[in-house]
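# Observations on the model geometry
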Amino acid sequence: MDLPVIESSPPAATGCSAGSCGSTAQQVDGLSDAIRARVQDHPCYSEDAHHYFARMHVAVAPACNIQCHYCNRKYDCANESRPGVVSELLTPDQAVRKTLAVAATIPQMTVLGIAGPGDPLANPQRTFETFRQLALKAPDIKLCVSTNGLVLPDHVDELARYNIDHVTITINCVDPDVGARIYPWIFWKNKRVFGREAAAILIEQQQKGLEMLTARGILVKVNSVLIPGVNDQHLPEVSKVVKAKGAFLHNVMPLIAEAEHGTFYGVMGQRSPKPAELKALQDACEGDMNMMRHCRQCRADAVGLLGEDRGAEFTLDRIDTMEIDYEAAMAVRAELRAQIAAELAEKRARAHPPAATATPQVISFQPHAAKPAPVPGRPVLMAVAARDGLVAVHFGHAREFLVYEASASGARLVGHRKAESYCSGDESCGDAESVLEKTIRALADCEVVLCSRIGYEPWGQLESAGIQPNGEHAMQPIVDAVMAVWNEMLAAGKLAAGPIVAKRA
């Protein structure tokens, strides 16, 4: 008997309110037109958008008013990619010129954010001078800010004045006892406050700021750092609280705690969460709040699409030699946005065609009618070497893999895994074996890896590790390719319900 084939996209979500919808394509489809217009070209607020649109951060905010055990702000550090790290600290004038240069060069750049390297609202003069100039000189660019929230209530009016309608607040707890293990001190009313008292003040200010922003109709994304043994059991409660207060999206991120970063957690040996732990926590929170799954934990001076950083192309010395015609650039940008918007609308229409009008039928009442048998097939995690929403990267050249969960309900992005380039095509391939081993460990919970091409040696090692390589869907849209492979596995009888056979570590 032929097994059923599942369509590549699940049915559209319905009844979704602005305050509870998140980043997946189905959730964006369920938004009102007004809210969709605000997120459909924002790469952090829309999963679809992050394949098409770029963002940039300008590092104009050096000072911070709290200390976090996971943070160490570094300057002139081009080899680290994590929050708080920058290569150049900018003045507002320099930040504006850099923004205009990037937007003229990368027409898909839609969002300018200030996220550090300290806290933007602890540097209000520098932050709002930057926003003031950009509101005049680059009116087609969305302006965003990311803050720890300590002084957020004092600045909501000013944020609204510059039409900043996307704000991110980092909220790691709503319990001061938990917070005391994350924040050693805050700087509050001209003095340092320590321990539980400091955490209680911070939490109160964060919640007050969140309520004030949502009352203004400003979209709020909440970032939370998952710290095993500290707040991992507490974050579902955080998700419930921020959702109840109107947050739009929740982004649970893994702790980055390498000793070489010099953070307290790194030096003290606090471990980072494993990918499976992160996914389980995100799944637990998703019952109360829609989750952002495509975050890359960007540097405070990141430039380009999520997952790439073109900041080295726009250093101050290079910008000084560039001729910028921003009026002409805006025309190009408007045309490109219209093309992308049309493509996304067509994509949504293909995925969710309007239902045909059915002929009314009389249904007899059957109180004990048998329920239809569920479609067989367990969920499968697949890693994808992707670019621009397509399976478009050679396995050996991939710097990251997007991880999708395929099931009878469709395909959904559940995370990403960083990787080093396995083969750069020159003598630097001498370390390829150890790099390949690291990549295989990063993908250990995936059953399939999709890529445009893959060599014989990595193919064999992936298979030995219980990961099936697949290069048959090159240049296909990710969701279509993932669901095609899932259906092939279903038809071959490989997806019987039950525990997955353990793979070689």
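Residues numbered from 1 in each chain as written. Predicted model: local features only at pLDDT ≥ 70, side-chain atom pairs only at ≥ 80, totals over all residues. Heavy atoms only, no water.

## As for the overall build of the protein
Of regular secondary structure, the protein possesses 15 helices and 17 strands. For the protein, the proportion of its 505 residues judged to be buried stands at 51%. Here the contacts in the protein between residues at least 6 apart in sequence split such that 72% fall between residues at least 24 apart. Put simply, the protein shows about 23200 Å² of open surface, and 53% of that area lies on carbon and sulfur atoms. (Helix = DSSP H or I, 4+ residues; strand = E, 2+ residues; numbered from the N terminus. Buried < 20%, exposed > 50% of the residue type's maximum accessible area, 1.4 Å probe, protein only. Contact = heavy atoms within 4.5 Å. Areas by Shrake-Rupley, 256 points an atom, 1.4 Å probe, with all protein chains shown as cover.)

## Brief notes about the sheet that holds strand β16 (residues 448-450)
Within a sheet, each strand pairs with its neighbour through backbone hydrogen bonds, oriented either parallel or antiparallel. Pairing is mixed across the open sheet formed by five strands, whose spatial order is β15-β14-β11-β16-β17. In the strand order of this sheet, the two ends are held by β15 (410-418) and β17 (468-470), each with one partner. The average undirected angle you get between the axes of adjacent strands in this sheet is 25°. For strand β14 (residues 400-407) and β15, the ladder comprises eight bridges, and the chain directions are antiparallel. Directly across from L402, in β15, lies its bridge partner H416. On top of the sheet, helix α14 (residues 456-464) reaches β16 and β17; it is set at about 140° to β17, its chief contact. Where helix α15 (residues 478-491) meets the sheet, it contacts β11 (380-384), β14, β15, β16 and β17, and its direction lies at approximately 50° from that of β14. (Pairing = 2+ DSSP bridges. Axes fitted to C-alpha atoms, helices over the stretch in contact; angles between N-to-C directions.)

## A closer look at the pattern of salt bridges
Per the stated rule, a full pass over the model turns up 12 salt bridges. E129 is paired through a salt bridge with R132; the nearest N and O atoms lie 2.9 Å apart. Taken together, the residues E129 and R132, both in helix α4 (residues 124-137) and three residues apart, mark about one turn of the helix. Overall, the relative accessible area of 27% leaves E129 in the partly exposed class. By relative accessible area, R132 is classed as partly exposed at 35%. Notably, a salt bridge pairs R196 with D177, separated by 2.8 Å at the nearest N-O pair. With R196 in helix α7 (residues 195-215) and D177 in helix α6 (residues 176-179), this residue pair connects regions lying 19 residues apart in the sequence. Three or more residues joined by partner-sharing salt bridges are found here, namely K279, D283, E405 and R412. (Salt bridge = Lys/Arg side-chain N within 4 Å of Asp/Glu carboxyl O.)

## Notes on the pairing of β11
Both faces of the sheet carry side chains from a regular strand, because those side chains alternate between them. Most of β11 sits inside the fold, with five of its five residues counted as buried. Where β11 lies against β14, five bridges are found, and the strand directions are antiparallel. Residue V380 lies in a different strand from β14, and its bridge partner there is A406. Examined bridge by bridge, β11 and β16 share three bridges and lie parallel to one another. Counterpart to V384 in the pairing with β16 is L450.

## As for the packing of helix α8 (residues 235-244) against helix α10 (residues 275-286)
Where α8 meets α10, the axes come as close as 9 Å, and the angle between the chain directions of the two elements is 35°. α10 is crossed by α8, and the crossing has right-handed handedness. On the side of α8, the interface is formed by L235, P236 and S239, while α10 contributes L281, A284 and C285. Residue composition of the contact of α8 with α10, grouped by class: five nonpolar, one polar and no charged. (Left-handed = near helix turned anticlockwise from the far one by under 90°. Nonpolar A, V, L, I, M, F, W, Y, C, P; charged D, E, K, R; others polar.)

## Observations concerning the packing of aromatic side chains
This model, assessed by the stated rule, comprises three aromatic pairs. Judged by centre distance (6.2 Å) and plane angle (65°), the rings of F128 and F131 are edge-to-face. Placement of both F128 and F131 in helix α4 is noted, with a separation of three residues, approximately one turn of the helix. Using a relative accessible area of 3% as the deciding quantity, one classes F128 as buried. On the basis of relative accessible area, F131 is assigned to the buried category, the value being 0%. Seen from their ring centres, F395 and F401 are 5.6 Å apart, and the 45° between their planes marks the pair as tilted. (Phe/Tyr/Trp six-rings, centres within 6.5 Å; stacked < 30°, edge-to-face > 60°.)

## Notes on the nonpolar core
With 75 residues, the main nonpolar core has L112, F131 and L213 as its most contacted residues. With residues near it in sequence (within four places) discarded, L213 still touches L152, V156, L159, V167, I169, I218 and V220. (Core = buried A, V, L, I, M, F, W, Y, C linked by side-chain atoms within 4.5 Å.)

## Here's the deal with the pairing of strand β7 (residues 191-194)
By the bridge criterion, four bridges tie strand β6 (residues 185-188) to β7 in an arrangement that is antiparallel. From the neighbouring strand, W188 faces β7, where its bridge partner is K191. From the end of β6 to the start of β7, which pair antiparallel, there are two residues, and K189 there has a positive phi angle of about 55°.

## A word on the confidence of the model for the protein
Atom-level detail of predicted coordinates should not be read off regions where pLDDT is low. Confidence in the prediction of the protein, expressed as mean pLDDT, is 79, and 74% of residues score 70 or more. Long-range and interchain partners of residues 1-28, a stretch whose pLDDT sits below 50, account for 70 contacts in this model, where long-range means more than four residues apart. (pLDDT = per-residue confidence, 0-100.)

## Considerations on unusual backbone geometry
Backbone torsion omega between G116 and P117 reads 15°, so that peptide bond is classified as cis. When you line up the elements, P117 lands in the loop between β3 (109-114) and α4. Unlike most non-glycine residues, N163 shows phi in positive territory, near 55°. The residue N163 is located in the loop between α5 (156-161) and β5 (166-170) in this model.

## Thoughts on the sheet that holds strand β2 (residues 66-67)
With antiparallel pairing, the three strands of this open sheet are ordered in space as β2-β6-β7. Taken across any chain shown, the strands that pair with only one partner, and hence form the sheet edges, are β2 and β7. Against the sheet, α7 contacts β2, β6 and β7, and its axis sits at roughly 105° relative to β7.

## Let's talk about the packing of helix α3 (residues 92-105) against α4
Following both chains from N to C, one finds α3 and α4 inclined at 40°, their axes separated by 9 Å at the closest point. Taken as a pair, α3 and α4 cross one another with a handedness that is right-handed. Contacts from P92, D93, A95, V96, T99 and L100 in α3 reach R126, E129, T130, Q133, L134 and K137 in α4.

## Things to note about α3
When the terminal C-alpha atoms of α3 are compared, their 20 Å separation across 14 residues agrees well with the 20 Å that a helix rising 1.5 Å per residue should span. Taken as a whole, α3 has its buried residues at P92, A95, V96, K98, T99, L100, A101, V102 and A103. (Expected span 1.5 Å × (residues − 1).)

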